[in-house]
Amino acid sequence: MITPDFSQTRTAFALAMSFVFLAPATQAAPPLVVEIIVAKATEENQIISLTGEIVARDTLMAAFSTSGRIESVPVDQGDKVKKGDPLAKIESLQQEQALRSAAAGLATEQADQLQAIENLQRQEQLLERGATTRINRDNAEDIVRIAEGELAQAQATLDTATKALRDTVLIAPSDGTVTDRMVEPGQVVGAAQPVLMLALGDGIDAIFTAPEVLLTDTTTPSPVITLQPLDGPDIQFHGHIREVSPLVDPRRGTVEVTVEVDGIPDGIGYGDPVRGSATLAGVPRIVLPYTALTATQSGPAVWVVSPETMAVSLLPVTIDRYQSGRVIIRAGIDAGTWIVGKGSQLLYPGRIVNKMDLLQ
């Protein structure tokens, strides 16, 4: 009796089944119909918008040179003032008393000087007649010199008291606008403590904090900046960049940019928030729809089609920036390269595609 070799039978069966299952895979897959885009470099202008604040070009922090209690503040935020207008006043009772005392002291010293001069003149007459001595005459002259010194000191004291009384009133140094009021009547303030903020002259600026990367890019902003108030987007006015701060905020990585406002519409004042927009003239870049972008372990990439074989392969790219519905490529793709758009999610290296939907 012959016993069948089951091990050989199983091997033969497995080999037969493998041919059955592998037969469809060995057949060439039909070309996949995808969207193919011919890469073309175009100049993409970028519009940058930042939020800033309207400020005065020239400002002054008004403060008293002495401490005291606020008696009155006749101006308020937003008021227009003329040169010489009083802005604030502190109680001046002590200064008034000091002025009266200095005036009385000056009058006394003037009288003493006049008396010393008359005594000198009398001594000189007596000396001519031989009725007095040279020592007495010289002593009278010394008294005159002393009186002159005391009179000068009294005059200086009066001048100081006059200035102290004058300093109890803040005076506008020129025409301007009150942009901030920091004190109220009855409040005690110290010397040099800010009382009012003044905007001097008619110059108006807008201050923005821009990311440092915008200023280190190769693109150059347009000279004209379009400005719009946040609460009135239909209102537009313009300005131009006047100054870029050389200092970078170490915490935020921003730079302060000052825009000189050419003309401000009615209803917009100091402290109002505005939006400033500038157009950056871009360098030629490859622009692709977002559907063309895929990801690899090393970073973003696109599927490239060989015009000769219509086979695809992955090409790493460097992204410049993302926009709605599209991607701006900084490097990695040459103009004229065939790129797969829609349908890239179904690809693998070497896959053959159809160029029926070739787009320029």
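Up top you'll find the structure we're talking about.
Now for a description of the structure that goes with this document. Just so we're clear, the structure is a prediction, and the values are computed from it rather than from any experiment.

**Points about the nonpolar core**
Stage number 1. If you look at the biggest cluster of nonpolar residues, it comprises 18 residues, and the most contacted ones within it are Phe-64, Leu-87 and Leu-196.
Stage number 2. Of all the elements in the fold, those that place two or more residues in this core are strand S6 (86-90) and strand S10 (194-211).
Stage number 3. Here the element with the most residues in this core is S10; it accounts for 4 residues.
Stage number 4. Ile-54, Ala-206, Ile-225 and Ile-268 belong to the second-largest nonpolar core, a separate cluster that totals 14 residues.

**Quick word on helix H2 (residues 93-129)**
Stage number 1. Taking 1.5 Å per residue, 37 residues should reach 54 Å; H2 reaches 55 Å between its end C-alpha atoms and fits that length.
Stage number 2. Among all positions in H2, only Gln-95, Ala-102, Leu-106, Glu-109, Gln-113, Ala-116, Leu-120 and Gln-123 are buried.
Stage number 3. Where H2 is buried, its residues touch helix H3 (134-166).
Stage number 4. Looking at the residues trailing H2, positive phi occurs at Gly-130, about 75°.

**What about H3?**
Stage number 1. Between its terminal C-alpha atoms H3 stretches 48 Å, which fits the 48 Å expected from 33 residues at 1.5 Å a residue.
Stage number 2. Within H3 the residues assigned to the buried category are Arg-137, Ala-140, Val-144, Ala-147, Leu-151, Ala-154, Leu-158 and Ala-161.
Stage number 3. Those residues of H3 hidden inside the fold are in contact with H2.

**Side note on the environment of Val-340**
Stage number 1. Among the secondary structure elements, Val-340 is positioned in strand S22 (residues 338-340).
Stage number 2. Taking relative accessible area as the criterion, Val-340 reaches 0% and is therefore assigned buried.
Stage number 3. Separated by 38 residues in sequence, Val-340 and Val-302 have C-alpha atoms that sit 7.3 Å apart.
Stage number 4. Excluding residues within four positions of it along the chain, Val-340 makes contact with Val-34, Glu-35, Ala-292, Trp-303, Val-305, Val-312 and Leu-347.

**Comments concerning the environment of Ala-111**
Stage number 1. Tracing the backbone through its elements, the reader meets Ala-111 in helix H2.
Stage number 2. Residue class for Ala-111 comes out partly exposed when judged on its relative accessible area of 43%.
Stage number 3. Each C-alpha atom, one on Ala-111 and one on Leu-151, is 9.3 Å from the other, the two residues being 40 residues apart in sequence.

**Considering the packing of H2 against H3**
Stage number 1. Where H2 meets H3, the axes come as close as 8 Å, and the angle between the chain directions of the two elements is 165°. Classified by the angle their axes make, H2 and H3 are roughly antiparallel. The two elements H2 and H3 meet at a crossing, and its hand is left-handed.
Stage number 2. Considered class by class, the residues forming the contact of H2 with H3 number 19 nonpolar, 10 polar and 9 charged.

**Some details on the environment of Leu-347**
Stage number 1. Mapped onto the secondary structure, Leu-347 falls in the loop between S22 and strand S23 (353-359).
Stage number 2. For Leu-347, a relative accessible area of 10% gives the class buried.
Stage number 3. Setting aside anything within four residues of it in sequence, one finds Leu-347 in contact with Leu-32, Val-34, Trp-303, Val-312, Val-340 and Val-353.

**A look at the sheet that holds strand S20 (residues 318-323)**
Stage number 1. Sheet architecture is open: 4 strands sit in the order S2-S16-S21-S20, paired in antiparallel fashion. Both outer strands of the open sheet, strand S2 (41-43) and S20, are each paired with one neighbouring strand and no more. Across the sheet, the mean angle from the axis of one strand to that of its neighbour is 45°, orientation sign disregarded.
Stage number 2. In this structure, S20 lies alongside strand S21 (residues 326-331), joined through 5 bridges in antiparallel fashion. Bridge pairing in S21 places Tyr-322 opposite Val-327.

**A word on unusual backbone geometry**
Stage number 1. Despite not being glycine, Ala-192 has its phi angle at roughly 70°, a positive value.
Stage number 2. By the secondary structure assignment, Ala-192 is in the loop between strand S9 (188-189) and S10.
Stage number 3. Positive phi outside glycine occurs at Met-310, with the angle close to 60°.
Stage number 4. Inspection of the secondary structure assignment puts Met-310 in the loop between strand S18 (299-305) and strand S19 (312-316).
Stage number 5. Residue classification places Met-310 among the buried residues on the basis of a relative accessible area of 11%.

Here is what the cut-offs are and how they apply
Residues numbered from 1 in each chain as written. Predicted model: local features only at pLDDT ≥ 70, side-chain atom pairs only at ≥ 80, totals over all residues. Heavy atoms only, no water. Core = buried A, V, L, I, M, F, W, Y, C linked by side-chain atoms within 4.5 Å. Buried < 20%, exposed > 50% of the residue type's maximum accessible area, 1.4 Å probe, protein only. Helix = DSSP H or I, 4+ residues; strand = E, 2+ residues; numbered from the N terminus. Expected span 1.5 Å × (residues − 1). Contact = heavy atoms within 4.5 Å. Axes fitted to C-alpha atoms, helices over the stretch in contact; angles between N-to-C directions. Parallel < 35°, antiparallel > 145°, perpendicular 65-115°, else oblique. Left-handed = near helix turned anticlockwise from the far one by under 90°. Nonpolar A, V, L, I, M, F, W, Y, C, P; charged D, E, K, R; others polar. Pairing = 2+ DSSP bridges.

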